[in-house]
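Okay, here's what each chain looks like letter by letter:
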Amino acid sequence: MTFMRLFGNVKTQKIVASLLMISVLSSAPAYASDATAGVVAMLKTASVANDKATFDTLLKTALDTWPKNRIQILRSAKTISETWMSQAYLDELVAAKKAEEAAEAASRARGIMYYLDPELWQGQAQLGGSSSSGDTDEQGVSAALSFERAFGPKWNHSLNLKFDLARSEGATTRQRFVGQYEVMWKPWTDIFLLNFTELELDKFSGYDYRVVENLAVGTEIFRSANQSLRIEAGPGIRISGVEETLQDGMVVPAHTEKEFLGRVSSTYELKLTDNLTFKDRASAIFGAQSTTLENWAQFSARINSHMQARVSFEVKYDSLAPIGTAAWDTATRATLVYDF
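Residues numbered from 1 in each chain as written. Predicted model: local features only at pLDDT ≥ 70, side-chain atom pairs only at ≥ 80, totals over all residues. Heavy atoms only, no water.

Asks: I would appreciate a short explanation of the overall build of the chain in the present structure.
Replies: In terms of helices and strands, the chain carries 6 helices and 14 strands. For the chain, with 340 residues in total, the buried portion stands at 38%. A fraction of 49% describes how many contacts in the chain between residues 6 or more apart in sequence connect residues 24 or more apart. If you sum the accessible surface of the chain, you get close to 18,800 Å²; carbon and sulfur atoms cover 61% of it. (Helix = DSSP H or I, 4+ residues; strand = E, 2+ residues; numbered from the N terminus. Buried < 20%, exposed > 50% of the residue type's maximum accessible area, 1.4 Å probe, protein only. Contact = heavy atoms within 4.5 Å. Areas by Shrake-Rupley, 256 points an atom, 1.4 Å probe, with all protein chains shown as cover.)

Asks: Is there a simple way to think about unusual backbone geometry in this case?
Replies: Peptide bonds are mostly trans, and most non-glycine residues show a negative phi. At Asn 50, a position not held by glycine, the phi torsion is positive, near 60°. Considering the arrangement of structural elements, one finds Asn 50 in the loop between helix 2 (32-48) and helix 3 (52-65). For Asn 50, a relative accessible area of 52% translates into the label exposed.

Asks: Mind showing me how you'd approach the pairing of strand 3 (residues 155-168) here?
Replies: Consecutive residues of a regular strand have side chains that alternate between opposite faces of the sheet. Inspection of the sheet shows strand 2 (residues 138-151) paired to strand 3 by 12 bridges, in the antiparallel sense. Following the sheet pairing, Phe 147 is matched in strand 3 by Leu 159. Counting the residues between successive antiparallel strands, the hairpin from strand 2 to strand 3 contains 3 residues, one of them, Gly 152, with a positive phi of roughly 75°. Note: strand 3 against strand 4 (residues 171-185), 14 bridges, orientation antiparallel. Considered in strand 4, the bridge of Leu 165 is made with Gln 175. Hairpin connection of strand 3 to strand 4: 2 residues between the antiparallel strands, including Glu 169 at a positive phi of 55°. (Pairing = 2+ DSSP bridges.)

Asks: What am I meant to see in the side chain of Glu 314 here?
Replies: Locating Glu 314 in the fold gives a position in strand 13 (residues 307-318). Assessed through its relative accessible area of 4%, Glu 314 is described here as buried. Here the side chain of Glu 314 touches Arg 333 through a polar contact of 3.0 Å, side chain to side chain. Contact partners of Glu 314, with chain neighbours within four places excluded, come to Lys 162, Arg 176, Glu 294, Asn 295, Trp 296, Asp 329, Thr 330, Ala 331 and Arg 333. (Polar contact = N/O pair within 3.5 Å; in protein donor to acceptor, adjacent residues only side chain to side chain.)

Asks: Before we go on, may I ask you to explain the packing of helix 3 against helix 4 (residues 70-81) in this structure?
Replies: When two helices pack together, their arrangement is captured by the angle between the axes and the distance separating the axes. The geometry of helix 3 relative to helix 4 is characterised by a closest axis approach of 10 Å and an angle of 165° between their N-to-C directions. As summarised for this structure, helix 3 and helix 4 are arranged roughly antiparallel, according to the angle between their axes. Of the two possible hands of crossing, helix 3 and helix 4 adopt the one that is right-handed. Contacts between helix 3 and helix 4 involve Phe 55, Leu 59, Ala 62 and Leu 63 on the former and, on the latter, Arg 70, Ile 73, Leu 74, Ala 77, Ile 80 and Ser 81. Among the residues making up the contact of helix 3 with helix 4, the classes are represented as 8 nonpolar, 1 polar and 1 charged. (Axes fitted to C-alpha atoms, helices over the stretch in contact; angles between N-to-C directions. Parallel < 35°, antiparallel > 145°, perpendicular 65-115°, else oblique. Left-handed = near helix turned anticlockwise from the far one by under 90°. Nonpolar A, V, L, I, M, F, W, Y, C, P; charged D, E, K, R; others polar.)

Asks: What is the right way to read a nonpolar patch on the surface from this model?
Replies: A surface patch of nonpolar side chains, about 420 Å² in accessible area, is lined by Ile 112, Met 113, Tyr 115 and Leu 116. Along the chain, the position of Tyr 115 falls in helix 6 (residues 113-116). (Patch = residues over 30% accessible without salt bridge, like charges linked within 9 Å, V, L, I, M, F, W, Y side chains within 5 Å. Salt bridge = Lys/Arg side-chain N within 4 Å of Asp/Glu carboxyl O.)

Asks: Please clarify how the nonpolar core should be interpreted in this entry.
Replies: Taken as a class, soluble globular proteins show a tendency for nonpolar side chains to be buried jointly. Counting residues in each nonpolar core, the largest one holds 20 residues, and the members touching the most others are Leu 43, Phe 55, Leu 59, Leu 74 and Met 85. Sorting the residues of this core by element identifies helix 2, helix 3, helix 4 and helix 5 (87-108) as the ones contributing at least two each. Those residues in contact with Leu 59 that lie beyond four places of it in its chain are Leu 43, Ile 73, Leu 74, Ala 77, Met 85 and Tyr 89. (Core = buried A, V, L, I, M, F, W, Y, C linked by side-chain atoms within 4.5 Å.)

Asks: Help me understand the environment of Gln 139 in this model?
Replies: Residue placement: Gln 139 occurs in strand 2. In the structure, Gln 139 is positioned 10 residues away from Gly 129 in sequence and 7.2 Å away in space, judged by C-alpha atoms.

This is the structure in structure tokens:
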């Protein structure tokens, strides 16, 4: 006997379902994407209990409550139990997919504006404070910008820019910029190809600049409603502009180093609650002359539909750091994030 059948006839069940929806509304966050998550959870519960009457009632109530999220809710319901979906709902999803494909084709027809239109990119801006140790020990300002865009179902582009600046006793003690650009192509369901490019300008690292170019093959190990893990690995090249140094009383002039490498990286995301998330990115670069390990972890707490509070920790190790610089660098940041 399922929990809804305890309440007797269909009319009573509809009243109970409506009360359940009210409880979801009262406890849900202000933004609809997470509010509907509670409904999806109840639909799953009804499916597991083999209670189609409750499933149908909850689905109809959810569609009436969040009309702007109608297609999203229908897609979630189809994933849970397609056989319980009415033909009208299934036809609506087919029509929605055709409309999306037509809109994508029309957007592509605009030429260069298809790629540059800012309304089609998802962005985040961060600003806050940072604390670091390693080559320098200080507190400073941290800023970041990130952009992400899906070009159809198979292509995804992401751009991340980070800047740290700190001063101690009137002098600049940290000045670091990192830009990363990723292009992901997903020709198959579980396997993707990735082009990763990174530019690092760190005034106190012993390098004028470092550029990494990497081509990788990756796969998504798992993905659920609350967490996901992907890994990728492949060859690449690193070009480093080494600053002039003094070694054993001899001046070593500035020079450029080129190194072929293998890079392995992973991205793990975890949804702890509707408002709290955790993300971790780790990478290892194995070159002919050196090894670089890097890990970046962050906790994000959503304040409203556009604002988040974020704390992140970054650690980096270079086995062949230039003379006079530390092999280990760490940075801790507390920032406010604005989604746009």
